[in-house]
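Reading the structure
One letter stands for each residue in the lines below.
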Amino acid sequence: MAWRVLISKIPKSKTLTPKFPSLVSNPKPNLSICSSPFSTSFLISKTPKKYRKKMLQTRLPTHQSRPGGADPNPHLESILQCDSYFRFLTRSKSFLSTQPEHTLRLDDAGKLYREVGFPGGRKVSRFLQRHPTIFATYHHADNKMWVGFTEFMEELLLEEKEIMNEMQSDRVNKVRKLLMMSKYNRIPLSKIQHCRLLFGVPDDFRDRVAKYPEFFRIVMEDDGKRILELVKWDPLLAVSAIEREFLVDEDRVKKMFKFPVKYGKDLGLEYDEMKKLNSLNTFPMVSLYSDGWRFDLWSLEVEKYRVGVVHEFLRLTLEKRASIHHIVEFKEEFSLTRQTYQMLKKQPQTFYLAGTEMNWDVFLKDAYDGDG
């Protein structure tokens, strides 16, 4: 989005000086001068050896824990680093856009640090000062400080809204494809709303659904959860990106995914038999818009189906990438398991896992060029 280029470079964090240097230089204070009557001899000033190795492993660079020891891609890793700078801007922009007149009292912004997107205990004014072209602060009639968007940012928001309206039909088709891939063609509306930025879905998506009764239907369950259901199946949309690429380059698509199967070499098989056996290692042309959830839970077919679903899911995103948490959030609808992370590690030719092991970002490698 255009407003994201306005971010200024965040300065590096400064080294903090301890408030009590005497405690740092003298970790075992003299009890004769200590005002406390309690002993501190039970405190351990050094980490025991049995815990040092575990603590060291958590601080290793992320590429050392990569699948197969693969070297990191600095261009894709830099995208995640840039996202950490944008996290505050993205949340604050989304939250302020929903407020009346796009304004918020500065005192309230400090209390809503999760919604606005900055760490708790920090002064929001410091974050706002780093982006003077986006945010503006002013005194209101109540003699309180308020925060809002600058005129330039308001113009960008109007331009963004126009672009959203122009691409509305494309976004509707993306939601339809998600429903067609899902189990029973239904997804909780809250999940799509939560992942709307991945697919470029507007913030008022819940209100826009009512404009397309020929495509969507909202069902209220007994627990109050709103479910978005598909009204009409469209066979023209039920074609995955892999199927389209297969028609163009069949050999390349077969090499995108590998599913190793161990077998002996001295079987005395003929060429046709060996070719049929090797076909188990390649990705089959099974439609991702079929009832793949009916496969056996731990069969090879269902693993191929799940890999294809994740590939199609990433193809529908704007940036051809998503957090592993966003993918697993649809595990019930897409028949995924807790082993999704391990499953993607086996496909380094197609997926690139960046970030930390607790929150990987999954990239489609063929969607990015050499410089990211």
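Source: prediction; values computed, not measured.

Before going further, it helps to spend a moment on the packing of helix 12 (residues 241-248) against helix 15 (residues 300-316). Contact pair helix 12 / helix 15: the axes reach a minimum separation of 9 Å and the direction vectors enclose 95 degrees. As the angle between them shows, helix 12 and helix 15 are arranged roughly perpendicular. Where helix 12 approaches helix 15, its residues Ala241, Ile242 and Glu245 are matched on the opposing element by Gly308, His311, Glu312 and Arg315. Class assignment of the residues belonging to the contact of helix 12 with helix 15 gives a composition of two nonpolar, two polar and three charged.

Turning to empty space enclosed by the protein, a few remarks are in order. If you walk through the whole model with that rule in mind, you get four cavities of 30 Å³ or more. Lining of the largest cavity is provided by Met164, Gln168, Arg171, Val172, Val175, Val201, Pro202, Phe205, Arg208, Val209, Tyr212 and Phe216. Space inside the second largest cavity adds up to approximately 70 Å³. Lining the second largest cavity are Phe88, Ser92, Phe95, Leu96, Leu104, Ala109, Val116, Val124, Leu128, Phe135 and Val147. For the lining of the second largest cavity, the secondary-structure elements that each account for two or more residues are helix 3 (74-97) and helix 6 (124-129). For the lining of the second largest cavity, the element with the most residues is helix 3, which contributes four residues. Split by residue class, the lining of the second largest cavity holds 10 nonpolar, one polar and no charged.

Let's shift gears to the sheet that holds strand 6 (residues 226-230). In spatial order, the strands read 4-6-5; together these three strands make up an open sheet with antiparallel pairing. What marks the edges here is a single partner per strand, and that holds for strand 4 (186-188) and strand 5 (216-220). Strand-to-strand twist of the sheet, defined as the mean angle between neighbouring strand axes without regard to direction, takes the value 30 degrees. The sheet contact formed by strand 4 and strand 6 spans three bridges and is antiparallel. Counted as the bridge partner of Ile187 is Leu228 from strand 6. Sitting on the sheet, helix 8 (residues 168-181) touches strand 4, strand 5 and strand 6, and the angle it makes with strand 6 is about 95 degrees.

Reading the values: the criteria
- Residues numbered from 1 in each chain as written.
- Predicted model: local features only at pLDDT ≥ 70, side-chain atom pairs only at ≥ 80, totals over all residues.
- Heavy atoms only, no water.
- Axes fitted to C-alpha atoms, helices over the stretch in contact; angles between N-to-C directions.
- Helix = DSSP H or I, 4+ residues; strand = E, 2+ residues; numbered from the N terminus.
- Parallel < 35°, antiparallel > 145°, perpendicular 65-115°, else oblique.
- Contact = heavy atoms within 4.5 Å.
- Nonpolar A, V, L, I, M, F, W, Y, C, P; charged D, E, K, R; others polar.
- 1 Å grid on protein atoms, 1.4 Å probe; cavity = no way out; pocket = protein on both sides within 12 Å on 5 of 7 lines; lining within 4 Å.
- Points joined across faces, edges and corners; volume = space filled by probe spheres on them.
- Pairing = 2+ DSSP bridges.

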